[in-house]
Amino acid sequence: AVVSTQSGHYGRGDAHNKGVSKVILFPKTGHLMLSCGMDSKIKLWELYGKRRCIRTYAGHAKAVRDIVFSNDGSKFLSASYDRMIKLWDTETGACLSRFTTKKIPYCVQFHPDDDKQHCFVSGMADKKIVGWDINTGEITQEYDRHLGAVNTITFIERNISFVSTSDDKSLRVWDWDIPVDRKHIADPSMHAIPSVSLSASGKWLACQSMDNKITIFATQKLRLNRKKVFKGHMVAGYACQCNFSPDNSYLISGDADGRCFIWDWKTTKVYKRFKAHEGVCIGAVWLPHETSKVVTCGWDGKIKLWD
């Protein structure tokens, strides 16, 4: 029932002309896909039909590292190595605002509550997490406790708090708008975590760990689940994204050798693996409604749909 054959790929003439760094699907419906690349471009694609590139958002001067949709998909944020975070209008392609601390943003995340969509946080190369207000363009908070670049920010517990991971090999839990972490998880066995995925149930965090494992934390009290470790893939040195399937029964990740791995959540065994890309397979996401399909993207500049 899950993924084995490639059923199509995106963009022949209008593909990214360098590696693709991330793909995300349109909120709720998943009928459109946004991709960002090392060619400094962001592209919006039809997921179905002719799979055409609907729009290209040009404006960044260097590779784009992260993208995130607002809840209704009408806007999105992008974070780039040109030190800019930009807010875009999805439909018109207009750049609505730009934000910068003069440092490189590694990740960016809207506050998930509908009444706080004017707030976002960005994890920075200079170890800080910065809170912004879109309406005023001002910095509203600085969370400055990590000892290395901040790689991921994930909201948990009905969005009253968020978890951050960093090159300092720790996880920290913060309450919204309070600049001191209320929990700090670091032990000598831990490695840097460049990608984190929250399960649909909100109960589990899957953490891609640089020692070629995906480790699982319970969001409640942020405890490591020692029974669940997913391995077999090679990710050391690469920020390959891991993701839960919409029904929580599988976990997916690309790897440095261009392979895509699917694990059974219950048994933690590899359910399927296949060669998806030449070079690193950096991203892999499940379609929200057709749960037998996934999209992968890679440093070969390709985005592929698998069935």
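For the structure, see preceding data.
In this report, we go over the structure that sits alongside the text. (Residues numbered from 1 in each chain as written. Predicted model: local features only at pLDDT ≥ 70, side-chain atom pairs only at ≥ 80, totals over all residues. Heavy atoms only, no water.)

### A few points about the overall build of the protein
(1) Moving on: The helix and strand inventory of the protein stands at 0 helices and 28 strands.
(2) Moving on: For the protein, the C-alpha radius of gyration of 18 Å lies close to 19 Å, the compact-globule estimate for 307 residues.
(3) Moving on: Seen along its three principal axes, the alpha-carbon backbone of the protein occupies a region of about 45 × 45 × 30 Å.
(4) Moving on: Looking at the 307 residues of the protein, the share that counts as buried comes to 55%.
(5) Moving on: Of the contacts formed within the protein by residues at least 6 apart in sequence, a portion of 42% connects residues at least 24 apart.
(6) Moving on: Only carbon and sulfur atoms are counted for the fraction: they give 49% of the accessible area of the protein, which is about 13100 Å².
(7) Moving on: Charge centroids of the protein, computed over 44 positive and 32 negative side chains, lie 5 Å from each other. (Helix = DSSP H or I, 4+ residues; strand = E, 2+ residues; numbered from the N terminus. Rg over C-alpha atoms; globule rule 2.2 N^0.38 Å. Buried < 20%, exposed > 50% of the residue type's maximum accessible area, 1.4 Å probe, protein only. Contact = heavy atoms within 4.5 Å. Areas by Shrake-Rupley, 256 points an atom, 1.4 Å probe, with all protein chains shown as cover. Lys, Arg positive; Asp, Glu negative; His and termini not counted. Charge placed at Lys NZ, Arg CZ, Asp CG, Glu CD.)

### Comments concerning the pattern of salt bridges
(1) Moving on: Throughout the structure, instances matching the rule amount to 12 salt bridges.
(2) Moving on: Between Arg-182 and Glu-157 there is a salt bridge, and its shortest N-O distance comes to 2.6 Å. Of this pair, Arg-182 sits in the loop between β16 (171–175) and β17 (183–185) while Glu-157 sits in the loop between β14 (150–156) and β15 (161–166), and the two are 25 residues apart along the sequence.
(3) Moving on: A relative accessible area of 44% places Arg-182 in the partly exposed class.
(4) Moving on: Residue Glu-157 is classed as partly exposed on the basis of its relative accessible area of 29%.
(5) Moving on: One salt bridge connects Asp-255 with Arg-259, and the closest N-O pair in it is separated by 2.7 Å. (Salt bridge = Lys/Arg side-chain N within 4 Å of Asp/Glu carboxyl O.)

### Here's the deal with the side chain of Ser-40
(1) Moving on: The topology assignment puts Ser-40 in the loop between β3 (32–37) and β4 (42–46).
(2) Moving on: When residues no more than four places from it in sequence are discounted, the contact partners of Ser-40 are Tyr-57, His-60, Ala-61, Lys-62, Ala-63 and Val-64.

### Focus: the side chain of Ser-122
(1) Moving on: Among the secondary structure elements, Ser-122 is positioned in strand β11 (residues 119–124).
(2) Moving on: Taking relative accessible area as the criterion, Ser-122 reaches 0% and is therefore assigned buried.
(3) Moving on: Side-chain polar atoms of Ser-122 contact the side chain of Trp-132, separated by 3.1 Å.
(4) Moving on: Among all residues touching Ser-122, those that are not within four sequence positions of it are Ile-85, Cys-107, Val-108, Lys-128, Ile-129, Val-130, Trp-132 and Ile-153. (Polar contact = N/O pair within 3.5 Å; in protein donor to acceptor, adjacent residues only side chain to side chain.)

### So, the packing of aromatic side chains
(1) Moving on: Applying the stated criterion to the full structure yields 25 aromatic pairs.
(2) Moving on: A ring pair is formed by Phe-76 and Trp-88, whose centres lie 6.1 Å apart and whose planes are at 15°; its orientation type is stacked. On the criterion of sequence distance, the pair formed by Phe-76 in strand β7 (residues 75–80) and Trp-88 in strand β8 (residues 85–89) is long-range, its members being 12 residues apart.
(3) Moving on: Look at Phe-76 and you get buried, because its relative accessible area is 0%.
(4) Moving on: A relative accessible area of 2% means that Trp-88 is categorised as buried.
(5) Moving on: Here Phe-230 and Trp-263 contribute two aromatic rings whose centre-to-centre distance is 6.2 Å and whose plane-to-plane angle is 70°, an arrangement assigned as edge-to-face. With Phe-230 in strand β21 (residues 223–231) and Trp-263 in strand β24 (residues 259–264), the pair connects residues that are 33 residues apart, well separated along the chain.
(6) Moving on: Judged by relative accessible area, which is 0%, Trp-263 ranks as buried.
(7) Moving on: Aromatic rings pair up to connect Trp-204, Phe-230, Phe-244, Phe-261, Trp-263 and Trp-265 into one cluster.
(8) Moving on: Above the plane of the ring of Tyr-10 lies Arg-51, whose end atom (NZ or CZ) is 5.8 Å from the centre.
(9) Moving on: In this structure, Lys-228 is placed above the aromatic ring of Trp-265, and the distance from its NZ or CZ to the ring centre is 4.7 Å. (Phe/Tyr/Trp six-rings, centres within 6.5 Å; stacked < 30°, edge-to-face > 60°. Lys NZ or Arg CZ within 6 Å of the ring centre and 35° of its normal.)

### Some words on the environment of Asp-257
(1) Moving on: On the secondary structure map, Asp-257 appears in the loop between β23 (250–254) and β24.
(2) Moving on: We classify Asp-257 as partly exposed; its relative accessible area is 40%.
(3) Moving on: Separated by 173 residues in sequence, Asp-257 and Met-84 place their C-alpha atoms 31 Å apart.
(4) Moving on: Sequence-distant contacts of Asp-257, defined by excluding residues within four places in its chain, comprise Met-234, Lys-275, His-277 and Gly-279.

### Digging into the nonpolar core
(1) Moving on: Ranked by internal contacts, the top residues of the largest apolar core, which has 18 residues, are Tyr-10, Val-23, Met-33, Leu-47, Val-295 and Ile-303.
(2) Moving on: Per-element tally for this core: the top contributor is strand β2 (residues 20–25), with 3 residues.
(3) Moving on: The contacts of Met-33, once residues within four sequence positions are left out, are Tyr-10, Val-23, Ile-24, Leu-25, Lys-43, Leu-44, Trp-45, Leu-47, Val-295 and Ile-303. (Core = buried A, V, L, I, M, F, W, Y, C linked by side-chain atoms within 4.5 Å.)

### Some words on the pairing of strand β13 (residues 139–143)
(1) Moving on: Bridge analysis of strand β12 (residues 129–133) against β13 gives 4 bridges, and the strand direction is antiparallel. From the neighbouring strand, Val-130 faces β13, where its bridge partner is Glu-142.
(2) Moving on: The antiparallel hairpin formed by β12 and β13 contains 5 residues in its connecting segment, where Gly-137 sits at a positive phi of about 75°. (Pairing = 2+ DSSP bridges.)

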